[in-house]
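What follows is the residue order along each chain.
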Amino acid sequence: MDPLLHEGYDGFRAFVNPLVAMRARLSSEPYLLERVEHGHLIDNDGKAYIDLLAGWGTQAFGHRPPAIEAALMNFLKGRAPSFYPSGISPHAGLLAGRLYERTGYDAAFFASGGTEAVEAALKLVRGASGRPRIACVQGAYHGCTFGSVAMMQAGPYRDIFGPHLPMVDALPFGEMEALDNALADPSLAAIVLEPIQVEAGVRLHDAAYLARLCHGTGERGVLLVADEIQTGLGRTGRFLSSEAWPRRPDVVTLGKALGGGLMPLSVMLTRRPIFDGVYGKFALAEAHASTFSGNALACVAGLAALDLLDDAMLADVERKGRLLRDALDDVVLPSPLVRAIRGEGLMLGIELEAPDHPCYQFDYLGVPELAAQPAIGMLLVHRLYKAGYISQICGHAWQVLRVQPSFTISDDELLACVHALRDALDFLWDLQ
């Protein structure tokens, strides 16, 4: 391994987050990664891995996609400014225009991470509506900054950071009566939700709930915010997952793969009248800002990513999603350790059954701090690491394995991954 990389891994353990480094060692996660070949990760021993997480969604086009690299290199070889003191970035203008062509939203605010886009949305809906209350849905994961954490599922990511942003209420997942009660509140500014609650176990809202949500918010002038950080940009086979909703959301947030896997980039999209209702006066035009919003390199990567994400790729994601789901249903679902498989496109979750046996418990495995959590998901992740696959469980549902490979994964690799999953499950079942 490059000595500088090795020094950097040691530095991460010493100066960044020692417990993350310890977790990787305990789970045998292949973190000593040295290079990329054909979009796949290679470790310091030369072993190749298929990333079934697609870098938590950031690497939708594979690791280090050549088209994104080329676009960034071309920019760096030129002489255009990378930063515009006026805040008027032509690269942001080009990217916002391209997003308008794809989505119909004609107002954009760019940031770096998904939670920053969510924060921009929270400020927008309060300012635009003149109302204070915001509703979200239990099980949510909208990011880790302060406003986003107020909408986080109760638990370790949220609890110790209270008191949280006031007048933010979590609605029980899928409960129509709670939704109707929230909509009847005249102080309600917006309802914020993910089209698929990925961290809660890849949970989908049913059609009746979405219909009531869309009709009720439109009828009562409540803004509807779709957090598509995880589901947008083709992950479900559509450019926006919310394209299938009965009405278009008023605000959409995007991130992850928007930077092509090489640059951090997110965006809040809305309609011009909503945006101008808050920021349409000179005194308020920059009342929400970020120093690197719309920076040249990130937007160049974003433009190249949209070039890749054409109609043909979207159709291929939909096709691969059907192929993967059919194969999982045939090969993996019959396992006695699998309770259910759900999701859309290349965003699937495999819910596992945790047998009542000591070998499936964290306290038996020497981590009593996690005794309340099911260990079956992490055991499966561990077996997949050994087989050459990088995967992970859902943040709020440790019994659910998330499967979200890159859009460029081949059919043969998808099918091989399904059989590797079944082999790992069979191994775990035989531990009893």
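Remember, predicted model here, so these are calculated numbers, not experimental data. (Residues numbered from 1 in each chain as written. Predicted model: local features only at pLDDT ≥ 70, side-chain atom pairs only at ≥ 80, totals over all residues. Heavy atoms only, no water.)

Participant: Explain the overall build of the chain to me, using residue names and the numbers behind them.
Facilitator: Within the chain, the secondary structure is distributed over 13 helices and 17 strands. Computed over the C-alpha atoms, the radius of gyration of the chain is 22 Å, within 12% of the 22 Å expected from 2.2 N^0.38 for a compact globule of 432 residues. Its C-alpha atoms put the chain at 65 × 60 × 45 Å along the principal axes. Looking at the 432 residues of the chain, the share that counts as buried comes to 50%. For the chain, the share of sequence-separated contacts (at least 6 apart) that also reach a separation of at least 24 residues comes to 70%. (Helix = DSSP H or I, 4+ residues; strand = E, 2+ residues; numbered from the N terminus. Rg over C-alpha atoms; globule rule 2.2 N^0.38 Å. Buried < 20%, exposed > 50% of the residue type's maximum accessible area, 1.4 Å probe, protein only. Contact = heavy atoms within 4.5 Å.)

Participant: Describe a nonpolar patch on the surface, naming the residues involved and giving the relevant values.
Facilitator: Nonpolar side chains collect at one region of the surface, where Phe 12, Phe 15, Val 16 and Val 20 lie side by side and expose about 410 Å² of accessible area between them. Here the nonpolar patch takes three residues from helix α1 (residues 3-16), the largest share from any one element. Assignment of secondary structure puts Phe 15 in helix α1. Judged by its relative accessible area of 73%, Phe 15 is exposed. (Patch = residues over 30% accessible without salt bridge, like charges linked within 9 Å, V, L, I, M, F, W, Y side chains within 5 Å. Areas by Shrake-Rupley, 256 points an atom, 1.4 Å probe, with all protein chains shown as cover. Salt bridge = Lys/Arg side-chain N within 4 Å of Asp/Glu carboxyl O.)

Participant: Describe the sheet that holds strand β17 (residues 400-403), with residues and values.
Facilitator: Spatially, four strands are ordered β13-β14-β17-β16 in an open sheet, and the strand pairing comes out antiparallel. This sheet does not close on itself; its edge strands, each paired only once, are β13 (338-344) and β16 (392-393). With four bridges connecting them, strand β14 (residues 347-352) and β17 associate as antiparallel partners. Pairing of Leu 348 across the sheet is with Val 403, part of β17. (Pairing = 2+ DSSP bridges.)

Participant: Quick one: what's the story with the environment of Pro 355, residue by residue and with numbers?
Facilitator: Residue position: Pro 355 is located in the loop between β14 and α12 (376-387). Owing to a relative accessible area of 12%, Pro 355 belongs among the buried residues under this scheme. Sequence separation between Pro 355 and Pro 336 is 19 residues; the distance between their C-alpha atoms is 9.5 Å.

Participant: Tell me about α1, and please be specific about residues and values.
Facilitator: Over its 14 residues, α1 runs 19 Å from end to end, which matches the ideal 20 Å to within 8%, given 1.5 Å per residue. Of the residues that open α1, the one with a side-chain oxygen 2.8 Å from the backbone nitrogen of Leu 4 is Asp 2. (Expected span 1.5 Å × (residues − 1). Polar contact = N/O pair within 3.5 Å; in protein donor to acceptor, adjacent residues only side chain to side chain.)

All quantities given are derived from atomic positions and should not be read as evidence of function.
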